[in-house]
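What the coordinates show
What follows is the residue order along each chain.
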Amino acid sequence: MATATRADVLVDAAPPAARVTLNRPEKRNALSLAIMQELIAALEEASTSPNVRAIVLDGAGPAFSAGHDLSEMIGREAAFYERLFAVCTELMETIHRVPQPVIAKVHGIATAAGCQLVAACDLAVAADGTRFATPGVKIGLFCSTPMVPLSRAIGRKRALEMLLTGAPIDASTAREWGLVNRVVPADELDGAVADLVAAIAASSPLTVGIGKETFYAQIDSEESDAYELTRAVMTRNSLAGDAQEGMSAFLEKRAPRWTGK
């Protein structure tokens, strides 16, 4: 087990998962410009390890994340805001770009950009009692960037209800709407996340990476374009050593031996 510490982000690489923890509990893990840059670096670093099969993103203290750090957003020039939201966008895109599935482990609250972070993750597990909201409308700063992954995760009407009212939803509603995959009692959160990691780690890392990349490449495409892309991907995937090994193992009724190639 190797642990690397940055100012506000902890990285604990204990294969098959790397745990990336927001570490500003006194600020409800508010996403300052610096912490978002550290998160990007942590995700990219974790993704380079062949032994890391999934990345778990969580928050220290009583909350997952309360969103952007408003204390650094008062009285700034346009260049600062442009940089802040560019880095925020880069963070969300990095979550999709790394080959390993990124799992949000959520508790307490996930609001504004914190809710965006959950929506952007590939999978999410929440503790009972967690609340999700995009309350920017109430303070004069509409949650426009959180709207991007949120609307794609839960659909137009539900996203607009959250965005236009700022009202929170509970964990069971978040599961029903598709914002999170599972809701469990708080004392079962670690186990539920570990189950997802184990299921992911049982498959070929090459295949998982191909599948994740292709999912995001096709999800917003026209159906004919999506099929054109995915049939080409499946052709290339079929030629991979792990695909040949997996099919052979299935036919021979044995466990596959993955090489990641």
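Structure: above.
Note that the structure is predicted; figures quoted are calculated from it, not measured. (Residues numbered from 1 in each chain as written. Predicted model: local features only at pLDDT ≥ 70, side-chain atom pairs only at ≥ 80, totals over all residues. Heavy atoms only, no water.)

1. Side note on the pattern of salt bridges
- For the structure on display, the rule yields nine salt bridges.
- Here Asp 69 makes a salt bridge to Arg 24, at a shortest N to O gap of 3.3 Å. Of this pair, Asp 69 sits in the loop between strand E4 (54-59) and helix H2 (78-97) while Arg 24 sits in the loop between strand E3 (17-22) and helix H1 (33-47), and the two are 45 residues apart along the sequence. One exposure class covers both Asp 69 and Arg 24, and it is buried.
- Arg 254 serves as the salt-bridge partner of Glu 252, at 2.7 Å between the closest nitrogen and oxygen.
- For Arg 254, a relative accessible area of 27% corresponds to the partly exposed category.
- One continuous salt-bridge network, built from bridges that share partners, spans Arg 19, Asp 58, Lys 105 and Asp 190. (Salt bridge = Lys/Arg side-chain N within 4 Å of Asp/Glu carboxyl O. Helix = DSSP H or I, 4+ residues; strand = E, 2+ residues; numbered from the N terminus. Buried < 20%, exposed > 50% of the residue type's maximum accessible area, 1.4 Å probe, protein only.)

2. Structural notes on the environment of Met 147
- In this structure, Met 147 sits in helix H4 (residues 144-154).
- Residue classification places Met 147 among the partly exposed residues on the basis of a relative accessible area of 29%.
- Sequence-distant contacts of Met 147, that is, excluding residues within four places in its chain, are made with Phe 142 and Leu 163. (Contact = heavy atoms within 4.5 Å.)

3. Topic: the packing of aromatic side chains
- In total, this model carries two aromatic pairs according to the counting rule given.
- Geometrically, the ring pair formed by Phe 80 and Tyr 81 is edge-to-face, given 5.9 Å between the ring centres and 75° between the ring planes.
- Accessibility expressed as a relative area gives 24% for Tyr 81, which makes it partly exposed.
- Directly above the ring of Phe 80 sits Arg 76, whose terminal nitrogen or CZ lies 3.9 Å from the centroid. (Phe/Tyr/Trp six-rings, centres within 6.5 Å; stacked < 30°, edge-to-face > 60°. Lys NZ or Arg CZ within 6 Å of the ring centre and 35° of its normal.)

4. Examining unusual backbone geometry
- The peptide bond linking Pro 15 to Pro 16 adopts the cis configuration, its omega dihedral lying at 15°.
- Positive phi, close to 55°, is recorded for Lys 253, a residue that is not glycine.
- Relative to the helices and strands, Lys 253 is located in the segment after helix H10 (241-252).

5. Some details on the packing of H4 against helix H5 (residues 156-165)
- At a closest axis distance of 7 Å, the pairing of H4 and H5 adopts a crossing angle of 140°. The pairing of H4 with H5 is recorded here as oblique in orientation. Regarding H4 and H5, the two cross each other, and that crossing is right-handed. Contacts between H4 and H5 involve Met 147, Leu 150, Ser 151 and Ile 154 on the former and, on the latter, Arg 156, Arg 158, Ala 159, Met 162 and Leu 163.
- Tallied by class, residues from the contact of H4 with H5 come to six nonpolar, one polar and two charged. (Axes fitted to C-alpha atoms, helices over the stretch in contact; angles between N-to-C directions. Parallel < 35°, antiparallel > 145°, perpendicular 65-115°, else oblique. Left-handed = near helix turned anticlockwise from the far one by under 90°. Nonpolar A, V, L, I, M, F, W, Y, C, P; charged D, E, K, R; others polar.)

6. Observations concerning the sheet that holds strand E6 (residues 109-111)
- Here three strands make up an open sheet; going across it, the order is E6-E8-E9 and the pairing mixed. Each end of this open sheet is capped by a strand with a single partner; those strands are E6 and strand E9 (169-170).
- When strand E8 (residues 131-133) meets E9, the two strands line up antiparallel, connected through two bridges. Paired with Phe 132 across the two strands is Ile 169, which belongs to E9.
- Set on the sheet, helix H3 (residues 113-120) makes contact with E6 and E8; between it and E6 the angle comes to about 95°. (Pairing = 2+ DSSP bridges.)

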